[in-house]
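Chains, contacts and geometry: an overview
As a plain string of letters, each chain reads:
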Amino acid sequence: MEFHQREIRLPAFSRGFHLITPLVLKEMAEIAEIRMGFLQLFLKHTSASLTINENADPTVRMDFESHINQMVPENMPYYKHDYEGADDMPAHIKASLMGASVQIPITNGKLNLGIWQGIYLGEHRNNAHGRKLVITVFGT
């Protein structure tokens, strides 16, 4: 079994959901060497998230942002953790709801995603810097 791992810094993204599948594939060319295995992504932050969803129509990502902002609004009077601004605690809640990792099968050197699936970074802060992402590939 082969194992490959690297940590990368993603570019700074604006608040919202961003398709990062091409970036992950570029950073981890070793995927092509795996006949059967997995890609594991882990985001080392508590105010951003990872998820898999529609990769073709950008309005899906816009709707994700609109909906999650309705689910978890800013400036709620019961938030105590607001040291870094009105988006601070909502960003942590959104990150916990969405999750910090995804795992995708690799089959014959390619990610075995559905035809319309892609990997999203959910950036939940207004002024975030680049996020650290641990990319692990393993298999035979």
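Being a predicted model, the structure only gives us computed values, none of them experimental. Residue numbers restart at each chain and count upward from 1, following the sequence in its written direction. For this predicted model, a pLDDT threshold of at least 70 governs which residues receive local features, and a threshold of 80 or more governs which side-chain atom pairs are given and counted, while totals over whole chains, interfaces and linings are taken from all residues. Where side-chain values are given, they derive from all heavy atoms of the structure, hydrogens and water being excluded.

Describing the nonpolar core
Leu39, Leu41, Leu50, Leu111, Ile119 and Leu133 are the most contacted members of the largest nonpolar core, which has 22 residues in total. Numbering of helices and strands starts at the N terminus; helices are DSSP runs of H or I of at least 4 residues and strands are runs of E of at least 2. Those elements giving two or more residues to this core turn out to be strand S3 (36-43), strand S4 (48-54), strand S5 (101-107), strand S7 (117-123) and strand S8 (132-139). Excluding residues within four positions of it along the chain, Leu41 makes contact with Val24, Leu50, Ala100, Ser101, Val102, Ile119, Leu133, Val134 and Ile135. Residues belong to a common nonpolar core when they are buried Ala, Val, Leu, Ile, Met, Phe, Trp, Tyr or Cys residues joined through side-chain atoms within 4.5 Å. Using a 1.4 Å probe on the protein chains alone, a residue whose accessible area is under 20% of its type maximum counts as buried, one over 50% counts as exposed, and one in between counts as partly exposed. Here, residues are in contact when the closest pair of their heavy atoms is within 4.5 Å.

Re the sheet that holds strand S2 (residues 16-19)
Whether parallel or antiparallel, the strands of a sheet pair through hydrogen bonds between backbone atoms. On the basis of which strands lie adjacent, the open sheet formed by 3 strands has the order S2-S7-S4 and antiparallel pairing. With partners counted over all chains shown, the strands left at the sheet margins are S2 and S4, one partner each. Strand after strand, the sheet turns through a mean of 35 degrees between neighbouring axes, direction not considered. In the sheet, S2 pairs with S7 via 4 bridges, with the strands oriented antiparallel. Within S7, the position partnered with His18 by the bridge is Leu121. Strand contacts of helix H2 (residues 58-71): S2, S4 and S7, with the helix running at about 150 degrees to S2, the strand carrying the most contacts. Packing of helix H3 (residues 88-98) onto the sheet brings it into contact with S2 and S4, and relative to S4 it is tilted by some 45 degrees. In short, DSSP must find at least two bridges between two strands for them to pair. Angles run from 0 to 180 degrees between N-to-C directions of axes, and those axes are lines fitted to C-alpha atoms, restricted for helices to the stretch in contact.

Looking at the side chain of Asp88
Mapped onto the secondary structure, Asp88 falls in helix H3. When its relative accessible area of 0% is taken as the criterion, Asp88 is described as buried. Within the structure, the side chain of Asp88 is placed 3.1 Å from the backbone nitrogen of Glu84, a separation counted as a polar contact. Those residues within four positions of Asp88 in sequence are excluded, and the remaining contacts are His81, Asp82, Tyr83 and Arg125. Any N or O atom pair separated by 3.5 Å or less is treated as a polar contact, with the protein-specific requirement of one donor-capable and one acceptor-capable atom, and with residues adjacent in sequence counted only for side-chain atom pairs.

Considerations on the sheet that holds S5
Taken together, the 5 strands give an open sheet; going across it, the order is S1-S8-S3-S5-S6, and neighbouring strands pair in antiparallel fashion. Of all the strands in the sheet, just strand S1 (2-9) and strand S6 (110-111) have a single pairing partner and so form its edges.

Remarks on the pattern of salt bridges
Here a salt bridge means any side-chain nitrogen of Lys or Arg lying within 4 Å of a carboxyl oxygen belonging to Asp or Glu. One pass over the full model with this rule turns up 8 salt bridges. In this structure, Glu7 and Lys44 form a salt bridge, with 3.0 Å as the shortest nitrogen-oxygen distance. With Glu7 in strand S1 and Lys44 in the loop between S3 and S4, the pair connects residues that are 37 residues apart, well separated along the chain. On the basis of relative accessible area, Glu7 is assigned to the partly exposed category, the value being 43%. A salt bridge links Arg131 to Glu123; its shortest N-O distance comes to 2.7 Å. Taken together, the shared-partner salt bridges connect Glu84, Asp87, Asp88 and Arg125 into one network.

Details of unusual backbone geometry
Even without glycine at this site, Asn75 takes up a positive phi of about 60 degrees. Looking at where Asn75 falls in the secondary structure, it is placed in the loop between H2 and H3. The class of Asn75 is exposed, set by a relative accessible area of 60%. Look at Asn108: it is not a glycine, yet its phi comes out positive at around 50 degrees. Looking at where Asn108 falls in the secondary structure, it is placed in the loop between S5 and S6.

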